[in-house]
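# An overview of the molecular structure
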2 protein chains.
Amino acid sequence: MTPGQTGTSSTAQAQKSNVLSVDAMGGDNGPATVVAGLSAFLTQAPDARVILHGPETELAPLVAKHNLADRVTIHDAQDVVKMTDKPSHVLRNGKGTSMWSAIEAVRNGEAAVAISCGNTGGLMAMSMLRLRKADGVNRPAIACLWPSRNKQGFNVMLDAGADIRADQDDLLTYALMGASYARNAFDLKRPRVGLLNVGVEEHKGRAELKVAHELIGSATGKGDFEYVGFVEGGDLPSDRVDVIVTDGFTGNVALKTGEGTANLITELMRKAFLSNPIATLGALLARRSINKLSKSIDPRRVNGGVFLGLNKTVIKSHGGADATGIAAALQLGYQLAQSEFSDKLAARVASAAALAQDAIQEGEAAKAAQDNE
Amino acid sequence: MTPGQTGTSSTAQAQKSNVLSVDAMGGDNGPATVVAGLSAFLTQAPDARVILHGPETELAPLVAKHNLADRVTIHDAQDVVKMTDKPSHVLRNGKGTSMWSAIEAVRNGEAAVAISCGNTGGLMAMSMLRLRKADGVNRPAIACLWPSRNKQGFNVMLDAGADIRADQDDLLTYALMGASYARNAFDLKRPRVGLLNVGVEEHKGRAELKVAHELIGSATGKGDFEYVGFVEGGDLPSDRVDVIVTDGFTGNVALKTGEGTANLITELMRKAFLSNPIATLGALLARRSINKLSKSIDPRRVNGGVFLGLNKTVIKSHGGADATGIAAALQLGYQLAQSEFSDKLAARVASAAALAQDAIQEGEAAKAAQDNE
């Protein structure tokens, strides 16, 4: 290999972390919305490049309309994963879809991060098949950012809906993965982890939560995090924790409940300010502060669930995301790509998963010892 | 019995529906807060009377301070159920507590509704022991009101945390009880019921949800409600439904998540308006609309979970309720007492529970028939 070739390869490597792989199809609002979001994102990130996956005849005019042809490469894929497709169907019939193509570009190293607003179950199943679970991970999880009173402005919550089940061992793995994510994303030395329950008292909750409580509590040293114990729904936006661990059923309901509540309040706020001329004048005077507030509580700004526990990074955007939401998910993906988060996390998770196995075995050994006493 | 005696008895009966039984102890903020809430409530409801339960030496000065001695009767009870007491402990040792005394006053007909801000598990266990479950109810549930876009301004959600488990039969009973409550509380002919899940597609969710989906769908005729199918967390404040059915674990997390989100936004709004003098001036001009808005999203206003599925009405106030929250719970209890909701609901629930049993048996029969085909 000549020095010239090395240079080229190194440039290619450097460029790779600037490339996002974007599934144009499968969202509720169609590819026009995805490309509009793409355009907004690319304006903010002048060095970024995108590989866009979907039917070329449909995408080319949209890309041309936004003048993005020099920064967006289209990978033609005729099929689309529908929101109603079951994961098993997606695995059997997904090969010609834009979602498959988007994951493939990450798998073969053309792009650093894949982003899709399609069917969550299908995206996770396909990602697990093609990118494989990281060493020692049983169930990958979706981590989302939750607006909070913390100094970083967000908490990490997982699982936001990758899997409706999670046993005690999965919950321990989530704690370790969530702590790794928070450490990388927020630059926290020892993230504080809480386990979501219906009360903070030790006797409350389902049986697997009580066991997970013990397991997580005994893994803090090796996992390099603090464990604050059980937390409640009201603690999701609090500064008591940085990471909230729960199963994907509860996490998904909580996430959508929080978004729904924020949307309702924003709507009521708009109505209140339009209810009479003096209120409208007041709102005009306070409009800068109100806009700042609206922005800080807008669920679209934190759009993008990160799949944790795979060998590459995949981001699930909200199915109903508009252009603002798509742009936010792309921005998140770009940040993660730039920081080489994927590689760091895979290493972190692999070692964390090994630690989890140790903790589980230690827990079992301790229990056996206790039972024999 | 002389006509005079009949008259007295009838007056006593009419007065009973004006009497609330209030546990002064067990809340996070102590009896002074309960009595302050009591005072605010009694000012708004001039015909109401209250029996207050707790240590007389502690309560008498508080009642005197608020000048309530002519409208509040104290029932001395020295013991207090602590927030950390397990329900089994409460059942064994609860007899001398203010909570037990508050339930007893409803049991023996001195008051129409009991209200406590104490330990939820203890209150439910004691209520089940002393007031008994209504005919055909396996697990009673806690129904809460959720601010919504509906014309009545609220949806009913249950179970908000009475029991962390709920199987398919329980979920069907919740649907029937929730529909009864919505019909009575909101004067709706055919309330719309939804089942909380992680997606609206039929294949999503846990096994028991899929069965409950079938059972509830086949009970709409007899139960006199509409079934809209699966709903998501974002639908809790929506006008798609009037009643949302879920297990007590998920419901409790959702409730506290919604409250936490509303509190965070209110806090951010206050900060935004104080961030600079022009914003503060704007807020002053718009203050009426802002106050109205703050009121409509204030979780304290909808404080009070109603226990459904018992023979009498018990209301659980938020443990951390302040005087405003206590007053709201008392107001809710008073409305229910005035409308003789307890008797109506017991009848409704008894017949609904019978219907539920029919639907379950029909479902089983249909399944057996199908299996034999």
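Structure report, in brief. Just so we're clear, the structure is a prediction, and the values are computed from it rather than from any experiment. (Residues numbered from 1 in each chain as written. Chains lettered and ligands numbered in written order. Predicted model: local features only at pLDDT ≥ 70, side-chain atom pairs only at ≥ 80, totals over all residues. Heavy atoms only, no water.)

## Concerning the environment of Met99(A)
- By secondary structure assignment, the location of Met99(A) is in helix α5 (residues 98-107).
- Ignoring sequence-local partners within four residues, the contact set of Met99(A) consists of Asp23(A), Val81(A), Ser116(A), Gly118(A), Asn119(A), Gly122(A), Leu123(A) and Met126(A). (Helix = DSSP H or I, 4+ residues; strand = E, 2+ residues; numbered from the N terminus. Contact = heavy atoms within 4.5 Å.)

## Comments concerning the interface of chain B and chain A
- The interface is formed by 55 residues belonging to chain B together with 56 residues belonging to chain A.
- For the chain B and chain A pair, buried surface summed over both sides reaches about 4500 Å², with 72% attributable to carbon and sulfur atoms.
- Together, Val198(B), Arg206(B) and Phe249(B) form the three largest contributors to the area buried by chain B at its contact with chain A, with a combined 14%.
- There are six salt bridges connecting chain B and chain A. (Buried area = accessible area lost by both parts, 1.4 Å probe. Salt bridge = Lys/Arg side-chain N within 4 Å of Asp/Glu carboxyl O.)

## Structural notes on the side chain of Asp23(A)
Residue and element names in this part refer to chain A.
- You can see Asp23 is positioned in strand β1 (residues 19-23).
- One polar contact links Asp23 to Ser98, side chain to side chain, over a distance of 2.6 Å.
- A polar side-chain atom of Asp23 sits 2.8 Å from a polar atom in the side chain of Ser116.
- Apart from residues lying up to four places away in sequence, Asp23 is in contact with Val34, His53, Ser98, Met99, Ala102, Ile115 and Ser116. (Polar contact = N/O pair within 3.5 Å; in protein donor to acceptor, adjacent residues only side chain to side chain.)

## Description of the packing of aromatic side chains
All names here are of chain A.
- In total, this model carries two aromatic pairs over all chains according to the counting rule given.
- Ring geometry for Phe41 against Tyr334: centres 5.6 Å apart, planes inclined by 75°, an arrangement best described as edge-to-face. Here Phe41 is found in helix α2 (residues 30-44), whereas its partner Tyr334 is found in helix α13 (residues 323-338), with 293 residues between them in sequence.
- For Phe41, a relative accessible area of 1% puts it in the buried group. (Phe/Tyr/Trp six-rings, centres within 6.5 Å; stacked < 30°, edge-to-face > 60°. Buried < 20%, exposed > 50% of the residue type's maximum accessible area, 1.4 Å probe, protein only.)

## Things to note about helix α13 (residues 323-338) of chain B
Residue and element names in this part refer to chain B.
- Spanning 16 residues, α13 covers 22 Å between terminal C-alpha atoms, matching the ideal 22 Å at 1.5 Å per step.
- Within the sequence span of α13, burial applies to Gly325, Ile326, Ala327, Ala328, Ala329, Leu330, Leu332, Gly333, Tyr334, Leu336 and Ala337.
- The N-terminus of α13 is capped by Asp322, whose side-chain oxygen sits 3.2 Å from the backbone nitrogen of Thr324.
- Note on α13: the residue one or two positions beyond its end, Glu340, has a positive phi of about 50°. (Expected span 1.5 Å × (residues − 1).)

## Observations concerning the packing of helix α5 (residues 98-107) of chain B against helix α6 (residues 120-131) of chain B
All names here are of chain B.
- Close contact between α5 and α6 brings their axes to 10 Å; oriented N to C, the two are set at 35°. The interaxial crossing formed by α5 with α6 has right-handed handedness. Within the contact between the two elements, α5 uses Met99, Trp100, Ile103, Glu104 and Arg107 and α6 uses Gly122, Leu123, Met126, Ser127, Leu129, Arg130 and Leu131.
- Of the residues assigned to the contact of α5 with α6, the class counts are seven nonpolar, two polar and three charged. (Axes fitted to C-alpha atoms, helices over the stretch in contact; angles between N-to-C directions. Left-handed = near helix turned anticlockwise from the far one by under 90°. Nonpolar A, V, L, I, M, F, W, Y, C, P; charged D, E, K, R; others polar.)

## Topic: a nonpolar patch on the surface
- A grouping of Ile278(A), Leu281(A), Leu284(A), Leu285(A), Ile278(B), Leu281(B), Leu284(B) and Leu285(B) is seen on the molecular surface, where their side chains present a nonpolar patch of about 690 Å² in accessible area.
- Topologically, Leu281(A) is positioned in helix α11 (residues 277-285). (Patch = residues over 30% accessible without salt bridge, like charges linked within 9 Å, V, L, I, M, F, W, Y side chains within 5 Å. Areas by Shrake-Rupley, 256 points an atom, 1.4 Å probe, with all protein chains shown as cover.)

## Focus on the pairing of strand β3 (residues 72-76) of chain B
Residues and elements named next belong to chain B.
- Two elements, strand β2 (residues 49-54) and β3, share five bridges in a ladder whose sense is parallel. The residue bridging Leu52 from the neighbouring strand is Ile74, located in β3.
- Each parallel crossover has a hand, and the one from β2 via helix α3 (residues 56-65) to β3 is right-handed. (Pairing = 2+ DSSP bridges. Right-handed = clockwise from strand over helix to strand, strands pointing away.)

## Focus on the sheet that holds β3(B)
All names here are of chain B.
- Ordered in space as β3-β2-β1-β4-β11-β10-β5-β6-β9-β7-β8, the 11 strands form an open sheet in which the pairing is mixed. At either end of the open sheet lies a strand with only one pairing partner, and these are β3 and β8 (226-231). Across the sheet, the axes of successive neighbouring strands diverge by a mean angle of 25°, strand direction being ignored.
- On the sheet, helix α2 (residues 30-44) packs against β1 (19-23), β2 and β3 and is oriented at approximately 175° with respect to β2.

## Regarding the sheet that holds strand β10 (residues 305-308) of chain A
Residues and elements named next belong to chain A.
- Strand order across the open sheet formed by 11 strands is β3-β2-β1-β4-β11-β10-β5-β6-β9-β7-β8, with mixed pairing between neighbours. With partners counted over all chains shown, the strands left at the sheet margins are β3 (72-76) and β8 (226-231), one partner each. Neighbour to neighbour, the strand axes of the sheet diverge by 25° on average, direction disregarded.
- Two elements, β1 and strand β2 (residues 49-54), share five bridges in a ladder whose sense is parallel. Looking at the pairing, Val19 lines up with Arg49 of β2.

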